[in-house]
Amino acid sequence: FQNYRNTTPQVIECNFVDAIKAFCLVRKPTEKKQDQKVWSPTIFDGKRNKDNARSIHFLVYDMDDGVDKATDVQKRLKELDYSSSGSKIGYDKYRIIIPLSKPIECDLWKYTTDQKNEFYKSIGNGEPDQKALKDKARIYSLCYRSENTFVYHNIGKCFEFDMKPIQDAHRKDLEEDEIRK
């Protein structure tokens, strides 16, 4: 997306190494946050909004505290960490981006919360933004370089959800909806 106000997605397909290069281009911060270039881990049918969200391809932890330090768990994964534009000395803001082994349909995204939080406990750096974790139409600013910027990446395995509990919870909700009708 060209900026926060833009709702027309452009799908760019590339491998993880090329994605890292794109995320880490040297960009100067814009005066206004809403003018920054942004991206989404979601594929949309039409304009960017939750109703048009179809599939999610990355697990993104939006971090507003703590210091990112790669753990043994993270070192086994494909991962990109970068400081976000609001990061300041003494107040680290950053993103942890992990590609999914298979995209997950947005209808199932709300059932992934427990697994996302359990996984995060295994890497345990600060506290991820829960609102961002649940938002299937979320957008994030790209990496903007400054004296406080850091970028870390690792080439390993993709994150894989255990689909059985996700599908079971979804099926249970569908059955309950049928009973209510």
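Everything here concerns the structure above.
Residues numbered from 1 in each chain as written. Predicted model: local features only at pLDDT ≥ 70, side-chain atom pairs only at ≥ 80, totals over all residues. Heavy atoms only, no water.

Peer 1: Sorry if this is basic, but what is going on with the pairing of strand S3 (residues 53-63) here?
Peer 2: Look at any regular strand and the pattern is simple: side chains alternate between the two faces of the sheet. Of all eleven residues making up S3, eight are buried, and the element is well covered by its neighbours. Direction of pairing for strand S2 (residues 42-44) relative to S3: antiparallel, over a ladder of three bridges. The residue bridging isoleucine 43 from the neighbouring strand is serine 55, located in S3. Note: S3 against strand S5 (residues 94-105), eight bridges, orientation antiparallel. Following the sheet pairing, tyrosine 61 is matched in S5 by isoleucine 96. (Buried < 20%, exposed > 50% of the residue type's maximum accessible area, 1.4 Å probe, protein only. Helix = DSSP H or I, 4+ residues; strand = E, 2+ residues; numbered from the N terminus. Pairing = 2+ DSSP bridges.)

Peer 1: I tried to follow the environment of histidine 170 on my own but got confused; where do I start?
Peer 2: Along the polypeptide, histidine 170 turns up in helix H5 (residues 163-180). You can call histidine 170 partly exposed: its relative accessible area is 22%. Between the C-alpha atoms of histidine 170 and tyrosine 111, which are 59 residues apart in sequence, the distance is 7.1 Å. Ignoring sequence-local partners within four residues, the contact set of histidine 170 consists of Asp107, Leu108 and Tyr111. (Contact = heavy atoms within 4.5 Å.)

Peer 1: Can you help me understand the packing of aromatic side chains in this one?
Peer 2: How two aromatic rings sit relative to each other is given by the distance of their centres and the angle of their planes. Enumeration over the complete set of coordinates arrives at eight aromatic pairs. What links up through ring pairs into an aromatic cluster is the set Tyr61, Trp109, Phe119, Tyr120, Phe159 and Phe161. Stacked on the ring of phenylalanine 1, the Lys or Arg arginine 48 has its end atom at 5.7 Å from the ring centre. (Phe/Tyr/Trp six-rings, centres within 6.5 Å; stacked < 30°, edge-to-face > 60°. Lys NZ or Arg CZ within 6 Å of the ring centre and 35° of its normal.)

Peer 1: Which parts of the structure should I look at to understand the nonpolar core?
Peer 2: Nonpolar side chains tend toward joint burial in soluble globular proteins. One finds Leu59, Tyr61, Ile98 and Ile104 to be the most contacted residues of the largest nonpolar core, which totals 26 residues. For this core, the secondary-structure elements that each account for two or more residues are S3, S5 and helix H3 (113-123). When neighbours within four sequence positions are excluded, isoleucine 104 is seen to be in contact with Arg54, Ser55, Ile56, Trp109, Thr112, Phe161, Met163 and Ile166. With 13 residues, the next largest nonpolar core counts Trp39, Tyr82, Ile97 and Tyr140 among its residues. (Core = buried A, V, L, I, M, F, W, Y, C linked by side-chain atoms within 4.5 Å.)

Peer 1: Is there a simple way to think about the pattern of salt bridges in this case?
Peer 2: Pairing is possible between side chains of opposite charge, provided their charged atoms come close. Under the definition given, this model contains seven salt bridges. A salt bridge links arginine 54 to aspartate 45; the shortest N-O distance between them is 2.6 Å. When its relative accessible area of 37% is taken as the criterion, arginine 54 is described as partly exposed. With relative accessibility at 45%, the residue aspartate 45 sits in the partly exposed group. A salt bridge links lysine 110 to aspartate 173, with the shortest nitrogen-to-oxygen separation between them at 3.8 Å. Of this pair, lysine 110 sits in the loop between S5 and H3 while aspartate 173 sits in helix H5; the two residues are 63 residues apart in sequence, bridging distant segments of the chain. (Salt bridge = Lys/Arg side-chain N within 4 Å of Asp/Glu carboxyl O.)

Peer 1: What's the story with helix H1 (residues 16-23) in this structure? I'm lost.
Peer 2: Three- or four-residue spacings in an α-helix give side chains the same orientation, since the helix completes a turn every 3.6 residues. Turning to H1, its buried residues number three or more, namely Phe16, Ala19, Ile20 and Phe23. Summarising the axial view, the buried residues of H1 lie within an arc of 100°, below the 170-degree limit, and thus occupy one face. Its side-chain oxygen placed 2.8 Å from the backbone nitrogen of aspartate 18, asparagine 15 serves as the N-cap of H1. (Arc of directions from axis to C-beta. Polar contact = N/O pair within 3.5 Å; in protein donor to acceptor, adjacent residues only side chain to side chain.)

Peer 1: Please explain the environment of isoleucine 97 as it appears in this structure.
Peer 2: Relative to the helices and strands, isoleucine 97 resides in strand S5. As a C-alpha pair, isoleucine 97 and leucine 80 span 17 residues in sequence and 5.1 Å in three-dimensional space. Excluding residues that lie within four positions of it along the chain, isoleucine 97 makes contacts with Phe23, Trp39, Phe58, Leu59, Val60, Lys78, Glu79, Leu80, Asp81 and Tyr82.

These results come straight from atomic positions and should not be treated as a statement about function.
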